[in-house]
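Residue-level listing of the chains:
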Amino acid sequence: MRKLTHEELLARSVPPAEASTRPRTPVAGLLDNIRSLYNVGSMFRTSDGAFVRRLYLCGYTPAPPRGEIDKTALGATATVPWMHFRDPLAAVAHARADGMTICVLEHTTHGVPVYDIPPGKFPLCLVVGNELTGVSRALVDAADLAVEIPMHGVKQSLNAAVAYGVALFELMRILRGTT
């Protein structure tokens, strides 16, 4: 075993010129009032890694161009399609018009572990909430389903960007099983 070179990694990736024409993963992310510019940048980079359909930046979630976002996004703001909506319910309406199931990543009375999402729920819009207060009540009420990441320690949640990454790549694993 050896570490791959930068050139070998580039050969495996989607060429930037083809990013707008290649089919994307049937998943979108909706960021609900994320405070940290660094979390937003991380979510852009994770979204690029999963080649998501789009990111919806909602409420006061900061939008590019911002140096702090660019620092952690490492160019992903140019490769991930994104839209900003002041009203997150307008973003939900846009995602629904695109045929997406609305899925909140939140602890709710009817939440299921993220790894139990049935393949028939795709395309899917994954909603991630504010670092302190989580997903807003309005978005929980508008959702078709809720998922959570089972926690086995003292803390009952992960950092918003980390939780987004865990859930997004679990969705990718589920999708791989359907092809």
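The structure under discussion appears in the preceding block.
Rules used in this analysis
- Residues numbered from 1 in each chain as written.
- Predicted model: local features only at pLDDT ≥ 70, side-chain atom pairs only at ≥ 80, totals over all residues.
- Heavy atoms only, no water.
- Helix = DSSP H or I, 4+ residues; strand = E, 2+ residues; numbered from the N terminus.
- Contact = heavy atoms within 4.5 Å.
- Pairing = 2+ DSSP bridges.
- Axes fitted to C-alpha atoms, helices over the stretch in contact; angles between N-to-C directions.
- Expected span 1.5 Å × (residues − 1).
- Buried < 20%, exposed > 50% of the residue type's maximum accessible area, 1.4 Å probe, protein only.
- Polar contact = N/O pair within 3.5 Å; in protein donor to acceptor, adjacent residues only side chain to side chain.
- Parallel < 35°, antiparallel > 145°, perpendicular 65-115°, else oblique.
- Nonpolar A, V, L, I, M, F, W, Y, C, P; charged D, E, K, R; others polar.
- Phe/Tyr/Trp six-rings, centres within 6.5 Å; stacked < 30°, edge-to-face > 60°.
- Core = buried A, V, L, I, M, F, W, Y, C linked by side-chain atoms within 4.5 Å.
- Patch = residues over 30% accessible without salt bridge, like charges linked within 9 Å, V, L, I, M, F, W, Y side chains within 5 Å.
- Areas by Shrake-Rupley, 256 points an atom, 1.4 Å probe, with all protein chains shown as cover.
- Salt bridge = Lys/Arg side-chain N within 4 Å of Asp/Glu carboxyl O.

Peer 1: Describe in detail the side chain of threonine 46, supporting the description with residues and values.
Peer 2: Checked against the element boundaries, threonine 46 lands in helix H2 (residues 37–50). In contact with threonine 46, other than residues within four places in its own chain, are Tyr164, Gly165, Leu168 and Phe169.

Peer 1: I'd like to hear about the sheet that holds strand S4 (residues 101–105), residue by residue, with values.
Peer 2: Taken in spatial order, the seven strands of this open sheet run S3-S2-S1-S6-S4-S7-S5, and their pairing is parallel. A single partner strand is all that each edge strand has here, and the edge strands are strand S3 (82–85) and strand S5 (112–113). By the bridge criterion, three bridges tie S4 to strand S7 (residues 145–148) in an arrangement that is parallel. Paired with cysteine 103 across the strands is leucine 145, a residue of S7. The sheet strands contacting H2 are strand S1 (25–32), strand S2 (52–58), S3 and strand S6 (124–128), and the helix crosses S2 at an angle near 160°.

Peer 1: A description of H2 should follow, citing residues and the corresponding values.
Peer 2: Taking 1.5 Å of rise per residue, the 14 residues of H2 would be expected to cover 20 Å, and the 20 Å separating its terminal C-alpha atoms lies within 8% of that figure. Within the span of H2, buried status applies to Leu37, Asn39, Val40, Gly41, Met43, Phe44, Thr46, Ser47 and Ala50. Of the surrounding secondary structure, the elements contacted by the buried residues of H2 are S1, S2, helix H3 (67–73), S3, S6 and helix H6 (160–176). Among the residues of H2, the N-terminal cap falls to serine 36, whose side-chain oxygen and the backbone nitrogen of tyrosine 38 are separated by 3.2 Å. Following H2 by one or two positions, phenylalanine 51 has its phi on the positive side, about 55°.

Peer 1: So, the packing of H2 against H6: which residues are in play, and what are the values?
Peer 2: Between H2 and H6, whose axes approach to 9 Å, the crossing angle comes to 10°. Viewed along their axes, H2 and H6 adopt a mutual orientation that is roughly parallel. On H6, the residues touching Asn39, Ser42, Met43, Thr46, Ser47, Gly49 and Ala50 of H2 are Ala160, Ala161, Tyr164, Gly165, Leu168, Phe169 and Met172. Considered class by class, the residues forming the contact of H2 with H6 number eight nonpolar, six polar and no charged.

Peer 1: Can you tell me about the packing of aromatic side chains, naming the residues and giving the values?
Peer 2: As enumerated under the stated definition, the model contains two aromatic pairs in all. Look at phenylalanine 44 and tryptophan 82: their rings are 6.3 Å apart centre to centre, the planes differ by 85°, and that puts the pair in the edge-to-face class. Here phenylalanine 44, found in helix H2, pairs with tryptophan 82, found in strand S3; they are 38 residues apart in sequence, far enough to count as distant. A relative accessible area of 0% means that phenylalanine 44 is categorised as buried. Both rings, one in tyrosine 56 and one in phenylalanine 85, keep their centres 5.9 Å apart while their planes meet at 55°; by these two values the pair is tilted. In this pair, tyrosine 56 sits in strand S2 while phenylalanine 85 sits in strand S3, placing the two residues 29 residues apart along the sequence. Like phenylalanine 85, tyrosine 56 is buried.

Peer 1: Explain the nonpolar core residue by residue, including any values.
Peer 2: Core analysis: the biggest nonpolar cluster contains 36 residues, and Phe44, Ile117 and Leu126 have the highest contact counts within it. Only S1, H2, S2, H3, S4, S6, S7 and H6 provide two or more residues apiece to this core. Ranked by residue count, the leading element in this core is H6, at 10 residues. Among all residues touching phenylalanine 44, those that are not within four sequence positions of it are Leu55, Leu57, Pro64, Ile69, Ala73, Ala76, Thr77, Val80 and Trp82. Ranked by size, the runner-up nonpolar core spans 17 residues in total, among them Leu30, Val92, Val127 and Ala146.

Peer 1: Describe a nonpolar patch on the surface, with residues and values.
Peer 2: A contiguous nonpolar surface patch, about 210 Å² in accessible area, is contributed by Leu158, Val162 and Val166. Considering the arrangement of structural elements, one finds valine 162 in helix H6. Given a relative accessible area of 43%, valine 162 falls into the partly exposed group.

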